[in-house]
Structures are given as C-alpha cells and as structure tokens.
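Chain by chain, the residues run as shown.
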Amino acid sequence: MRWDLEDWRSNAYLLLGKLSETAFYIELYRKLNGKYPEQLGDLSPELLQTLPQDPYSDGILVYRTSGEGYELYSVGRDKVDDGGDSQSVEVLNAPSSIL
C-alpha cells in the first residue's frame, strides 16, 4: 500500500489529539456518573459537541468497554477494525522523526 509521509504524519497527529481529547471526556463522564459510558454517543451533547471522527475512516473512533476499563482506537490506514492492534504497533514502531 503506497502512502504519503506528510499525509500519514498529519493524520497521526490528528488521531493522537482526538484520542487524547476523547479519553479525557470518557474519564470526565466516569467521574460524573460513576461508570464508563456504554457508547461514545453518551458523551454528546453534554460533554462533546460532536462525536470524534476517525481520520482514517468515514466513522467515529472505535470505543468499547472492557472489564473495568475501555478500549479506544482508530481503524488505522488499512481501514480494518482489528481491535486496535496494528495501529498500536504502527505508532510504536514509527520513526521518532515522524511522530
């Protein structure tokens, strides 16, 4: 798969910002309600004006509760929901000059 480094860098920064902001509001929701939201839609419109769009897909970021926590991730460049595994590996293995 061919991809442009500048486009990848731009989307990576955008994604990190969206993940951080969304995680903040998920934690705020938990503090206010004593539990994690069942879905990202529970954050809107009280905490978030709009749901966080995934820069790599036409949908929102993937969110699911997991035990006493949650998972929040993007489908990544391949646009395949693989549980967030490949995106994590991709970010961790990216050269530091890209991030």
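Above: the structure in question.
Below is a short write-up of the structure. Being a predicted model, the structure only gives us computed values, none of them experimental.

Structural notes on the overall build of the protein
Item 1. When helices and strands are counted, the protein shows 2 helices and 2 strands.
Item 2. Sequence-ordered secondary structure for the protein, helices as α and strands as β, is α-β-β-α.
Item 3. Among the 99 residues that make up the protein, the fraction classed as buried is 29%.
Item 4. Here the analysis covers contacts within the protein between residues at least 6 apart in sequence; of these, 42% occur between residues at least 24 apart.

What about the nonpolar core?
Item 1. Counting residues in hydrophobic clusters, the biggest one holds 16 residues, and the most contacted among them are Ile26, Leu40, Leu43, Leu61, Tyr63 and Leu72.
Item 2. Elements that contribute at least two residues to this core include exactly α1 (5-33), β1 (62-66) and β2 (69-73).
Item 3. At 5 residues, the largest contribution of residues to this core is made by α1.
Item 4. In this view, isoleucine 26 contacts Tyr36, Pro37, Leu40, Leu43, Tyr63, Tyr70 and Leu72; residues no more than four positions away in its chain are not counted.

Quick look at the environment of leucine 48
Item 1. Take leucine 48: it is sitting in the loop between α1 and β1.
Item 2. Judged by relative accessible area, which is 7%, leucine 48 ranks as buried.
Item 3. A C-alpha to C-alpha distance of 9.6 Å links leucine 48 and glutamate 21, two positions 27 residues apart in sequence.
Item 4. In contact with leucine 48, other than residues within four places in its own chain, are Glu21, Tyr25 and Leu43.

Describing the side chain of aspartate 54
Item 1. By secondary structure assignment, the location of aspartate 54 is in the loop between α1 and β1.
Item 2. If we skip the residues at most four places from it in the chain, aspartate 54 touches Gly59, Ile60, Leu61, Ser74 and Val75.

Some details on the packing of aromatic side chains
Centre-to-centre distance and the angle between the planes together describe a pair of aromatic rings.
Item 1. Tallied over the entire structure, the rule returns 3 aromatic pairs.
Item 2. For the ring pair phenylalanine 24 and tyrosine 25, a centre distance of 5.0 Å and an interplane angle of 80° mean the geometry is edge-to-face.
Item 3. Note on tyrosine 36 and tyrosine 70: the rings are 5.1 Å apart at their centroids and 65° apart in plane angle, and the pair reads as edge-to-face. With tyrosine 36 in the loop between α1 and β1 and tyrosine 70 in strand β2, the pair connects residues that are 34 residues apart, well separated along the chain.
Item 4. Judged by relative accessible area, tyrosine 70 falls into the partly exposed class, the value being 24%.

What about the pairing of β1?
Item 1. Bridge count for β1 against β2 is 5 bridges, and the pairing is antiparallel. Within β2, the position partnered with arginine 64 by the bridge is glutamate 71.
Item 2. Taken together, β1 and the strand that follows it, β2, pair antiparallel across an intervening segment of 2 residues, in which glycine 67 is found at a positive phi of about 60°.

Observations concerning the side chain of threonine 22
Item 1. Mapped onto the secondary structure, threonine 22 falls in helix α1.
Item 2. Setting aside residues up to four positions removed in sequence, threonine 22 forms contacts with Leu40, Pro52, Leu61 and Leu72.

Rules used in this analysis
Residues numbered from 1 in each chain as written. Predicted model: local features only at pLDDT ≥ 70, side-chain atom pairs only at ≥ 80, totals over all residues. Heavy atoms only, no water. Helix = DSSP H or I, 4+ residues; strand = E, 2+ residues; numbered from the N terminus. Buried < 20%, exposed > 50% of the residue type's maximum accessible area, 1.4 Å probe, protein only. Contact = heavy atoms within 4.5 Å. Core = buried A, V, L, I, M, F, W, Y, C linked by side-chain atoms within 4.5 Å. Phe/Tyr/Trp six-rings, centres within 6.5 Å; stacked < 30°, edge-to-face > 60°. Pairing = 2+ DSSP bridges.

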